[in-house]
Amino acid sequence: MRRAAMVVVLMAAALGGCAKDVIVGVGSPAAPEDLQGSYYGGTVQLTWSLSPSWNQEPFRVYGRRVTDNDYFLIAEVSNCSDGSCSYEDRNVLAGQTYEYYVAAVDPDSGVETPSRNTVEVAVPQPTPPPVPAGAEVVALDHTNYIRWSANARDASDFSFYRVYLDDGNGDHYVLGETDSEGFLDHLAENGQTYTYFVTAVDEQGHESAGSVAASGTPRPDYHGEWLYDYGAKPSLSGFRFRSDEATDPIVSGDAPERHFRLEVDDSGWWLVPGPEVQVYASGYETTALKCGPASDATCTDVAQAPATGYSTQDVALSAQTSYVLRVPGDDGQAHYAVIRVVMLGYDQDDSPIVIFDWAYQLAPNVRSLASALGGIVPR
C-alpha cells in the first residue's frame, strides 16, 4: 500500500481477515463508507458511500487476488455524485476470487484514509445460456416483429434476451432487451431491409453467442379501411383495390373504376360489385385477414381464392367474415382480392359505415391471397 508523506500515526488493522496499514495524517480525508462488491457479466462492480464530511477528495481503488500477498493500485475515481461512487473492474479472470478496498486521498498531502472493510468477490466460470434458435422476422407496416424459440430457457439461470441490429458493415447495436420470445422494432421504415440477431443472458450477466441473422423488410398493411353507405355519403362509398397505399382507394360510389361500393338498407349492409367485378357467392368466417408466422394456432384466413363460384350479384356483409373478389386490374387482367369485415356500424352522425381490412394480389390470375398456415383453401 502507498504510504503518505505527512504521517502522524501508523497503525495496523485487521480488515476482512487480512492485515493492512491504515495511515492517518494531519487533516486526513473522511473514509469511504459501506464498501460493497458484486459480480455481473465478466465485471466486478464496486460501490461505496460518501461520508457526510467528504470534501470532494478523489478515491483510490486497490485490489488483489486472494492468493496474492500485496494489493495493487488499480484505479483512481473522482466522478462521484448523489452521495455514492462506483467502479467496474473488467480486468478479472474466471475462477478467481478478488479482494478490494478503497481509500480517500488528500490531493495536496497524499494522505489516504482507507475504507473500514474490504470486500471479496468470486468470479465464476462463465456458462451462458444456449444460443436462441429459430430467429425469424415477420414484416409488418412500419414495424418488424422478431421472434425466436424458447430453447434458451432450458438454462436454470436464464434471465432475458438482447436484440441486436446488424448494420451490414460489421457493426451491431443493441435495440433492446426483453424476457419474451418476441420483439417489435417500431423504428423500422417501410421499404428498408433490416437484419437482426438475438442473444440470451443469464442471471450473472453471461451472454450467449448471437442467433442466426434474420432479415425483414416492412411493407404496407391495409387495415382499418372504412366506407360510407352510398345513400348517406356517395362520394365516400366506393372502393378500388390499389397496389400501394400512395393512392387513395376510396372513390365515389358512382366512379366507373370502382371495384365495389357499400349500400345499406333495412335488410342490412351490402357489397355491390362495380363494372366487370365478380364476388364469390358467400363469405368465410375468419379470425384474421391473413395468418403469418406470428399468428396463433387458431388463426384462420382465406389462403386462396376459389377457382369458380363467382357472380355479379350483391353480397350481404357480416362482421368477422372474409369475402373474395375477382376484379379487373390496371393491366386489364383479372386479379383476386379479399376483404375482411371487422365491423358494421354507424359513425358519430349515424351514417352507416363498414370497417374492413383488405389484400390484393398484384400478380394476374394468381389465386394465392395470404399465408397457408391455418388458412381456408377453397377449391
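Model, not experiment: these values are computed from the prediction.

## What to know about the sheet that holds strand 3 (residues 33-40)
So, point 1. Strand order in the open sheet formed by 3 strands is 3-4-7, with antiparallel pairing between adjacent strands. Each end of this open sheet is capped by a strand with a single partner; those strands are strand 3 and strand 7 (84-89). Along the sheet, successive strands turn relative to each other by an average axial angle of 15 degrees, direction set aside.
So, point 2. The sheet contact formed by strand 3 and strand 4 (residues 43-49) spans 6 bridges and is antiparallel. Counted as the bridge partner of Tyr-40 is Thr-43 from strand 4.

## Regarding the packing of aromatic side chains
So, point 1. Under the criterion given, the structure shown has 21 aromatic pairs.
So, point 2. Consider the rings of Tyr-164 and Phe-197, whose centres lie 4.8 Å apart with planes at 5 degrees: the pair is stacked. Taken as a pair, Tyr-164 in strand 13 (residues 158-166) and Phe-197 in strand 16 (residues 194-202) lie far apart in primary sequence, 33 residues in all. By the burial criterion, Tyr-164 is buried, and Phe-197 matches it.
So, point 3. Aromatic pair Phe-241 and Phe-260: ring centres 6.1 Å apart, planes at 50 degrees, arrangement tilted. With Phe-241 in the loop between strand 19 (238-239) and strand 20 (250-251) and Phe-260 in strand 21 (residues 260-265), this residue pair connects regions lying 19 residues apart in the sequence.
So, point 4. Taken together through their ring pairs, the aromatic side chains of Tyr-222, Phe-239, Phe-241, Phe-260, Phe-356, Trp-358 and Tyr-360 make up a single cluster.

What counts, and at which threshold
Residues numbered from 1 in each chain as written. Predicted model: local features only at pLDDT ≥ 70, side-chain atom pairs only at ≥ 80, totals over all residues. Heavy atoms only, no water. Pairing = 2+ DSSP bridges. Helix = DSSP H or I, 4+ residues; strand = E, 2+ residues; numbered from the N terminus. Axes fitted to C-alpha atoms, helices over the stretch in contact; angles between N-to-C directions. Phe/Tyr/Trp six-rings, centres within 6.5 Å; stacked < 30°, edge-to-face > 60°. Buried < 20%, exposed > 50% of the residue type's maximum accessible area, 1.4 Å probe, protein only.

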